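The lines below spell out each chain.
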Amino acid sequence: MSTAKTAGRTAARNSSIKYILMLGALAALPAVTTDMYLPSLPAVAEDLHATQAAVQFTMSGMLLGAGVGQLVIGPFSDRFGRRLPLLIGISLHVVTSILCSLTADIGTLIGLRVCQGFFNAAASVVAIAVIRDRFVGSDAARLLSRLMLVIGVAPLFAPTIGQAIAGAWHWRAVFYALALIGLALVLIVWRFMPESLPPAQRRPGNPREVARGYLSLLRDRRFMALAVVPGLGLAVIMSYVVGSPFVFQNEYGLSQGQFAAVFALNGVALVGSAQLNAALVRRAAPIRVLRIAVLVQMGCALILLAIVLTGLGGIVGLMVGLWLVLGMQGLTAANASVLALHNYGHMAGTAAAVIGSLQSGVAGLVSPFVGLLGGDSLAMVCVMLAAVFLTLLVLAVGTPTYRKGGWRELDSMEPGATTSDADTEQREAEQVEAQGPDQRS
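Let me begin by describing the structure that accompanies this report. (Residues numbered from 1 in each chain as written. Predicted model: local features only at pLDDT ≥ 70, side-chain atom pairs only at ≥ 80, totals over all residues. Heavy atoms only, no water.)

A few words on helix 4 (residues 52–80). Taking 1.5 Å per residue as the helical rise, helix 4 with its 29 residues ought to reach 42 Å, and the 41 Å between its terminal C-alpha atoms agrees with that figure. Positive backbone phi, at 95°, marks Gly81, one or two positions downstream of helix 4. (Helix = DSSP H or I, 4+ residues; strand = E, 2+ residues; numbered from the N terminus. Expected span 1.5 Å × (residues − 1).)

Another point: the packing of aromatic side chains. All chains considered together, the criterion is met by 5 aromatic pairs. Ring centres 5.4 Å apart and planes at 50° place the aromatic pair Tyr37 and Phe175 in the tilted group. Residue Tyr37 is found in the loop between helix 2 (29–35) and helix 3 (41–47), and its partner Phe175 is found in helix 9 (residues 171–192); the two are separated by 138 residues along the sequence. Per residue, the accessibility class of Tyr37 equals that of Phe175, and both read buried. Between Phe248 and Phe259, the ring centres sit 6.4 Å apart and the planes meet at 40°, which makes this aromatic pair tilted. Of this pair, Phe248 sits in helix 11 (residues 221–251) while Phe259 sits in helix 12 (residues 256–280), and the two are 11 residues apart along the sequence. Per residue, the accessibility class of Phe248 equals that of Phe259, and both read buried. (Phe/Tyr/Trp six-rings, centres within 6.5 Å; stacked < 30°, edge-to-face > 60°. Buried < 20%, exposed > 50% of the residue type's maximum accessible area, 1.4 Å probe, protein only.)

Our next topic: the environment of Ala261. Tracing the chain through its elements places Ala261 in helix 12. On the accessibility criterion, Ala261 (47% relative accessible area) is partly exposed.

This part takes up the packing of helix 12 against helix 14 (residues 314–327). A pair of packed helices is captured by two measures, namely the crossing angle of their axes and the spacing between those axes. Between helix 12 and helix 14, whose axes approach to 8 Å, the crossing angle comes to 30°. As for the relative orientation of helix 12 and helix 14, their crossing is right-handed in sense. In contact with Val262, Leu265, Asn266, Ala269, Leu270 and Ser273 of helix 12, helix 14 contributes Met319, Leu322, Trp323, Leu326 and Gly327. Residue composition of the contact of helix 12 with helix 14, grouped by class: 8 nonpolar, 3 polar and no charged. (Axes fitted to C-alpha atoms, helices over the stretch in contact; angles between N-to-C directions. Left-handed = near helix turned anticlockwise from the far one by under 90°. Contact = heavy atoms within 4.5 Å. Nonpolar A, V, L, I, M, F, W, Y, C, P; charged D, E, K, R; others polar.)

The next subject is the state of the cysteines. Throughout the structure, instances matching the rule amount to 0 disulfides. As a non-bridged cysteine, Cys115 has Cys100 as the owner of its nearest cysteine sulfur, 8.5 Å distant. A residue is classified by how much of its surface remains accessible, and Cys115, at 35% relative accessible area, is partly exposed. (Disulfide = S-S within 2.5 Å.)

Note that every value here comes from positions in space, so none of it alone points to a role or purpose.
Pasting the structure below:
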């Protein structure tokens with residue numbers, strides 16, 4: 001009997017690992033689409049005779065498209081389930097990637113990147129909704145942190161792969177590679193991903209019901225404050241992402257290969273802090289980790305500003321400061337998302353859409369200021385610092401996080417706590433996963 005139980009636990013653990021890898025691959029699609037293209041920005045500017053700010057907007061425009069896309073796809077997934085939006089969205093990502101490779105001017109490329117962000121939104125919003133379908137509380141925070149390990153592989157390897165592809169052929173070849181990645185994900189979703197939202201739990205999809213759902217979220221001040229935190233966090237990251245190719249390659253003279261290595265090193269900070277968060281939320285509620293992490297990140301951002309202003313340590317000093325600021329991000333976004341979703345399991349797709357839309361939209365609006373302010377290291381760091389300060393301000397004003405004793409109102413998710421049916425949902429999902437593709441569809 002004990003042998004059978006051990007074998008059952010091992011099988012369940014292996015199934016969970018596969019599930020996390022699959023969701024992580026889906027959630028990482030927008031990051032891969034961004035980071036593989038990143039080292040090519042200077043080449044795109046030269047080839048299409050475009051300004052630095054215009055080329056950077058091919059990154060920011062994708063985020064804005066994703067912000068709108070998530071508002072559409074979230075309710076769609078609450079109405080029709082999680083699999084269908086994924087299959088449609090990723091398939092259109094494939095088509096858009098091919099069109100991007102054929103463009104001849106920067107305006108068309110920007111428009112196509114906006115569309116690409118819109119379609120990519122299916123991968124990110126559904127991945128978060130699936131987590132909320134199956135997990136809550138600290139369990140959900142741990143799973144989101146584990147997903148960060150998979151998502152974090154994108155900054156580690158995608159720029160290097162993108163640089164190698166562009167160096168061997170052309171920057172346009174990067175988009176053919178993205179089309180192939182999308183095609184592989186379509187096949188994985190079709191074959192292996194179980195539906196996590198049963199028909200009985202789906203919501204009406206008429207415009208009135210969708211508007212009512214969004215209105216209820218917009219009226220929840222605490223939800224909105226927590227939901228905007230991941231967006232400001234992504235603004236920190238994207239300000240670094242859009243500025244770093246020009247800062248390191250033009251300002252500090254690094255080659256494309258050296259830049260890819262530096263970018264990967266900062267990716268380690270994001271991955272490592274996400275795994276640290278997974279360990280911390282086993283012992284402390286997500287709000288406790290969040291309230292301290294934001295304060296520490298603010299201190300690190302001020303140190304980074306001082307490094308840039310004084311030139312202390314040169315490029316090494318800049319890299320250390322960036323590593324510290326970016327590293328703290330793994331302790332904020334996942335916890336804020338879990339806290340925001342906690343009371344909205346009945347409309348997880350819509351709630352995840354608002355979080356994702358704010359995440360992409362805020363980052364898409366903030367990150368262009370790096371180019372508008374000059375595109376140098378000071379501009380990049382100032383925008384990052386402003387985003388961290390706004391995070392602190394939003395939490396202080398919109399939630400009881402920093403009020404005397406008030407943060408305990410959000411301290412309702414003790415480590416390891418789940419809803420009474422969470423384990424049942426997990427077992428049911430694993431049973432569905434073991435079924436054949438015909439039964440899943």
